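Working through the structure, step by step
Each chain is listed here by its residues.
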Amino acid sequence: LKTSFEGVGMFSLAEKLSSIFSLASFSIFTVLLPNKAKEIRERKNYSIKTSILLSIIIFSCAIFMSLLAKSMLYLLFAKYINILPIFYILIFSASFYAISGFLDNFFYVKEKTTTLLLINASKIITLIISVFYLTQIFGIIGTAYANLVTSILFTGITFLIILKTR
C-alpha cells in the first residue's frame, strides 16, 4: 500500500482491528499482575518462567488471531481484504508490546521506574525515527513495520535488563 488517503484509512482500520488483541491482552494482565507482584515481593526474586509462559500464550493467541483474520475480514470487511498484510504485522507488533507491558511490572515492583522511563523514552524515539524512515521507503506498510521492529527490539531490551538486574 502506498501513502495515500485510502492507504491511511486502511492502516487505521487494520490498527483498530489489531487493538482488539491489545485490549484482550491487557485484560489478562489485570488479573495476573497482582499475583506476579506478590510473588516478586515475597521471593525477592523475579521468576522469568512466568513471563516466558505468558509470552508463549500471547504469541500463540496472535498466531490464532492471524489464522482467523482472513476469513473474519472477508466476512465483515470484504472490500478491505488487502489490509491483511498490515493487520498481520500489527497483530504481532501488539503481541510484543503486550509482552513488554507485562515485563514492565518488574520495574514497578522493584521500584526502578527511572529505568522504565529510560526504556519507554527510547522506545518512543526509536518508533518516531523508524516510522519516518520506513514509511518513506515502504509507504503505509512501513509504519506497521516500524511498530513491529520497535516492539521486538524493546521487548528484547526489557527482557535483557530484567535478566541483568533481577
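Report on the accompanying structure.

Parameters at a glance
Residues numbered from 1 in each chain as written. Predicted model: local features only at pLDDT ≥ 70, side-chain atom pairs only at ≥ 80, totals over all residues. Heavy atoms only, no water. Helix = DSSP H or I, 4+ residues; strand = E, 2+ residues; numbered from the N terminus. Expected span 1.5 Å × (residues − 1). Buried < 20%, exposed > 50% of the residue type's maximum accessible area, 1.4 Å probe, protein only. Contact = heavy atoms within 4.5 Å. Phe/Tyr/Trp six-rings, centres within 6.5 Å; stacked < 30°, edge-to-face > 60°. Axes fitted to C-alpha atoms, helices over the stretch in contact; angles between N-to-C directions. Parallel < 35°, antiparallel > 145°, perpendicular 65-115°, else oblique. Left-handed = near helix turned anticlockwise from the far one by under 90°.

A word on helix 3 (residues 84-109). Across its 26 residues, helix 3 extends 38 Å between first and last C-alpha, which sits within 8% of the 38 Å expected from 1.5 Å per residue. Most of helix 3 sits out of view: 21 of its 26 residues are buried. Phi turns positive one or two residues past the end of helix 3, at E111, with a value near 55°.

A few words now on the environment of S66. Following the sequence through the fold, S66 ends up in helix 2 (residues 48-77). Given the relative accessible area of 9%, S66 is considered buried. For the pair S66 and Y88, spaced 22 residues apart in sequence, the C-alpha to C-alpha distance is 6.1 Å. Apart from the residues within four sequence positions on either side, S66 is in contact with Y88, I91 and F92.

Once that is clear, we can look at the packing of aromatic side chains. Inspection of the entire model under this criterion finds 5 aromatic pairs. Feature note: the residues F59, F92 and F96 constitute an aromatic cluster, connected by ring pairs.

The next thing to look at is the packing of helix 2 against helix 3. Remark: helix 2 packs on helix 3, axes separated minimally by 10 Å, with the N-to-C direction vectors making an angle of 160°. Judged by the angle between their axes, helix 2 and helix 3 are roughly antiparallel. In this structure, helix 2 meets helix 3 at a crossing whose hand is right-handed. Counted together, S51, L54, S55, I58, F59, A62, I63, M65, S66, A69, K70 and L73 of helix 2 and L84, F87, Y88, I91, F92, S95, F96, A98, I99, F102 and L103 of helix 3 form the full contact between these two elements.

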